[in-house]
Amino acid sequence: MDWFPIFLDLKSAPCLVVGGGAVGARKAVQLAGAGARVRVVARRVEDAISVMAERGTLEVSVCGFESWMLTGMRLAVAATDDRELNREVAEAARLRAIPVNGVDDPVLSCFIMPAIVDRSPLVVAIGTSGAAPVLARIVKTKIEAMLPARLGRLATVMGRSRSAVARAIANPAARRRLWERIVAGPAASRALAGDETGAARLLAEEIDRTAADAPPGGEVYIVGAGPGDPNLLTLRALQLMQQADVVLHDRLVSAEVLALVRREAEVIDAGKRCGEQHLNQSEINRMMVAMARAGKRVLRLKGGDPSIFGRLGEELEALAAAGIPYQVVPGVTAASGCAAYAGIPLTHRDYSSQCVFVTAHGKDGSKEPDWRFLAGSGQTLVFYMSRVEAGSICRKLIDHGLPPAVGAALIVDGTRVTQEVITATVATLPGLLAGRKIDAPGLIIVGEVARLHERLAWFGLSAREGLAYEATSSLRYAQEATPAP
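Predicted model only: the values in this text are computed from it and were never measured.

1. As for the overall build of the protein
Logical step 1: Check the secondary structure of the protein and you find 19 helices and 18 strands.
Logical step 2: Its C-alpha atoms give the protein a radius of gyration of 29 Å, clearly above 23 Å, the size a compact globule of 485 residues would have.
Logical step 3: In terms of its C-alpha atoms, the protein occupies a principal-axis envelope of roughly 90 × 60 × 40 Å.
Logical step 4: Looking at the 485 residues of the protein, the share that counts as buried comes to 44%.
Logical step 5: Restricting to contacts in the protein with at least 6 residues of sequence separation, those with at least 24 account for 65%.
Logical step 6: Here the protein has roughly 24,200 Å² of accessible surface; of this, 53% comes from carbon and sulfur atoms.

As structure tokens, this is what we get:
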């Protein structure tokens, strides 16, 4: 985070805008809208500024800037088309420890005025660290379309009831769940329809019901986090990530995905990755049950899809036996996500009529897969958790009849900006990996479709070309984050 977002109380605060053009007028309007006492200093001013001055919205000094004009100001904005003058304003403000914004010039600024979605008292601010203001405006437009115009009324009703809720409900978890029910329930609908009185009545009834209930029970959410790119999270996954009290995650869950978890949640690394683990499965099961019985909402966050080599069945059996309520949210499994980002179709009319998912790490003592079946023609094989087993996998396939010239690919860090795809044949892939230290998640795709990466790759680091591509934009999180009630 290059710039720390913060909201300032500017009611009746003196603020100086240097510049009387269209840009200065926009900044003056924003500050005045926040209740500031705005003074505009410029040798010439736009008609819009003159109109605001006539209405008493702001003051105007038609003159050049002098440093003494900053005396007593809460903040300043340099909004002229003269960079030297803007620099002079910025330096004078910094000497007086007054926050200053140089419009469209982050070098001169110690704060940035973001794009704003105003549903007061709910306010959304969007910034790009000054790098892409047009993008910020586009995101603003999308958020404006998402949020109902009367959403601020709901926030007002909720704000008026905070003291009553705190008095009636001592348990913080119960209070949070009450607010979540309010936002998704009939009280919110009344507020959004403009009926604040009706909304307040329904909210009061909900408070009474909650105060009379027993302490809230816990629940477990088993959620697929996808292969790494946070853009591949489902909307339901993101919603539950924002509700959880405790997050119990595997190492395969990317840092970018974990960053979207509710900040107040306790985050525990279960340490399960490629056979290495801090907690064994029995300990994880016991933790989920114990935390849910303590009234917590537990998010079990797994890389990929929890039902595909994610030991979902064992965890559900433990929860069901303990009588713990649970939900399961599928995720984009590594096979489909990584293959798509590598430009490798898992099936293709010319090469593959079926696809088989295989794990390279079975339960201790489990029998070997049917290698003769896997070595059959006309199919695609995807080996999960297979990076360290590449040599053994390729050798066994060849030993059971797979032609050595069949294509193969190792995808490392699939869907992430560090993605690397190494293409070869079943015979040559182990040699390419020999001596290479790869400490990242990887899966192997075997089949003629693997060769299509050479033509169809569109993302990530290609071992063949060594090209880096930027990850897709996270813009849809602005669209999908938390749906309006």
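2. Considerations on helix H9 (residues 196-212)
Logical step 1: Taking 1.5 Å as the rise per residue, H9 with 17 residues should run 24 Å; its terminal C-alpha atoms sit 25 Å apart, in good agreement.
Logical step 2: Among the residues of H9, those classed as buried are Gly198, Ala199, Leu202, Leu203, Glu206, Ile207 and Thr210.
Logical step 3: Buried residues belonging to H9 abut helix H5 (151-160), helix H6 (162-168), helix H7 (172-184) and helix H8 (186-192).

3. A closer look at the pattern of salt bridges
Logical step 1: Considering all chains together, one arrives at 26 salt bridges under this definition.
Logical step 2: A salt bridge links Glu180 to Arg297; its shortest N-O distance comes to 2.6 Å. Of the two residues, Glu180 is situated in helix H7 and Arg297 in strand E11 (residues 297-302); the sequence distance between them amounts to 117 residues.
Logical step 3: On the basis of relative accessible area, Glu180 is assigned to the partly exposed category, the value being 27%.
Logical step 4: One continuous salt-bridge network, built from bridges that share partners, spans Arg176, Arg177, Glu180, Asp245, Arg262, Glu264 and Arg297.

4. Observations regarding the sheet that holds strand E2 (residues 37-42)
Working definition: the strands of a sheet are paired by backbone hydrogen bonds and lie parallel or antiparallel to each other.
Logical step 1: Overall, parallel pairing links the 5 strands, which are arranged E3-E2-E1-E4-E5 in an open sheet. Edge positions in the sheet fall to strand E3 (58-62) and strand E5 (100-102), since each has one partner strand and no second. On average, each strand axis in the sheet is inclined to that of its neighbour by 15°, with strand direction left out of account.
Logical step 2: Pairing of E2 with E3, which is carried by 5 bridges, proceeds in the parallel orientation. Residue pairing for E3: Ala42 is matched across the bridge by Val62.
Logical step 3: Relative to E3, helix H2 (residues 47-54) is tilted by about 125°, and along the sheet it contacts E2 and E3.
Logical step 4: Against the sheet, helix H3 (residues 83-95) engages strand E1 (14-18), strand E4 (75-78) and E5, with an angle of about 165° to E5.

5. Some remarks on the packing of aromatic side chains
Logical step 1: Going through the model one piece at a time under the given rule, you end up with 6 aromatic pairs.
Logical step 2: Residues Phe357 and Tyr384 carry aromatic rings whose centres are separated by 5.8 Å and whose planes lie at 55° to one another, so their mutual orientation is tilted. With Phe357 in strand E13 (residues 354-359) and Tyr384 in strand E14 (residues 379-384), this residue pair connects regions lying 27 residues apart in the sequence.
Logical step 3: Residue Tyr384 is classed as buried on the basis of its relative accessible area, which comes to 7%.
Logical step 4: Pairwise contacts between aromatic rings join Phe309, Phe357 and Tyr384 into one cluster.

6. Here's the deal with a negative patch on the surface
Logical step 1: Taken together, the side chains of Glu66, Asp81, Asp82 and Glu88 make up a negatively charged region of the molecular surface.
Logical step 2: When you line up the elements, Glu88 lands in helix H3.

7. As for the environment of Arg311
Logical step 1: Relative to the elements of secondary structure, Arg311 occurs in the loop between E11 and helix H13 (312-322).
Logical step 2: Between the C-alpha atom of Arg311 and that of Arg436, which follows or precedes it by 125 residues, the distance is 30 Å.

8. Brief notes about the pairing of E11
Logical step 1: In terms of residue burial, E11 counts as a mostly covered element, since 6 of its 6 residues are buried.
Logical step 2: As paired strands, strand E8 (residues 219-224) and E11 are joined by 6 bridges and run parallel to one another. Across the sheet, residue Val223 finds its bridge partner in E11, namely Leu301.
Logical step 3: Where strand E9 (residues 246-249) and E11 come together, 4 bridges link them in parallel fashion. Its bridge partner being in E11, Val246 is matched across the sheet by Val298.

Cut-offs applied
Every chain's residues receive numbers from 1 upward, in the order its sequence appears when written. At least 70 in pLDDT is required for a residue's local features to be given in this predicted model, at least 80 for side-chain atom pairs to be given and counted, and no such filter applies to totals for whole chains, interfaces and linings, which use all residues. Excluding hydrogens and water, the side-chain values take into account all heavy atoms of the structure. Working definition: helices are DSSP H or I runs of at least four residues, strands are E runs of at least two. Numbering for both runs from the N terminus. Only C-alpha atoms enter the radius of gyration, while the globule expectation follows 2.2 Å times N to the 0.38, with N the number of residues. A 1.4 Å probe rolled over the protein chains alone gives each residue an accessible area, and that area as a share of the maximum for its type sets the label: buried under 20%, exposed over 50%, partly exposed in between. Here, two residues are considered to be in contact whenever any of their heavy atoms come within 4.5 Å of each other. Shrake-Rupley sampling with a 1.4 Å probe provides the accessible areas, and residues are treated as covered by the protein chains on show and by no other component. Given a helix with a known number of residues, its expected span is that number minus one, times 1.5 Å. Each salt bridge in this description consists of a side-chain nitrogen of Lys or Arg and a carboxyl oxygen of Asp or Glu lying within 4 Å of one another. The criterion for strand pairing is that DSSP finds at least two bridges linking the strands in question. To get an axis, fit a line to the C-alpha atoms, keeping to the stretch in contact for a helix; angles then go from 0 to 180 degrees between the N-to-C directions. For this analysis, a ring pair means two rings from Phe, Tyr or Trp (six-membered ring only for Trp) whose centres lie within 6.5 Å, classed as stacked if their planes differ by under 30 degrees, edge-to-face if by over 60, and tilted for the remaining angles. Like-charged residues are merged into a patch within 9 Å and nonpolar side chains (Val, Leu, Ile, Met, Phe, Trp, Tyr) within 5 Å, provided each residue has over 30% relative accessible area and no salt bridge. Note that His is not counted, nor are the chain ends; the positive residues are Lys and Arg, and the negative ones are Asp and Glu. Charge placement uses NZ in Lys and CZ in Arg. For Asp and Glu, CG and CD serve respectively.

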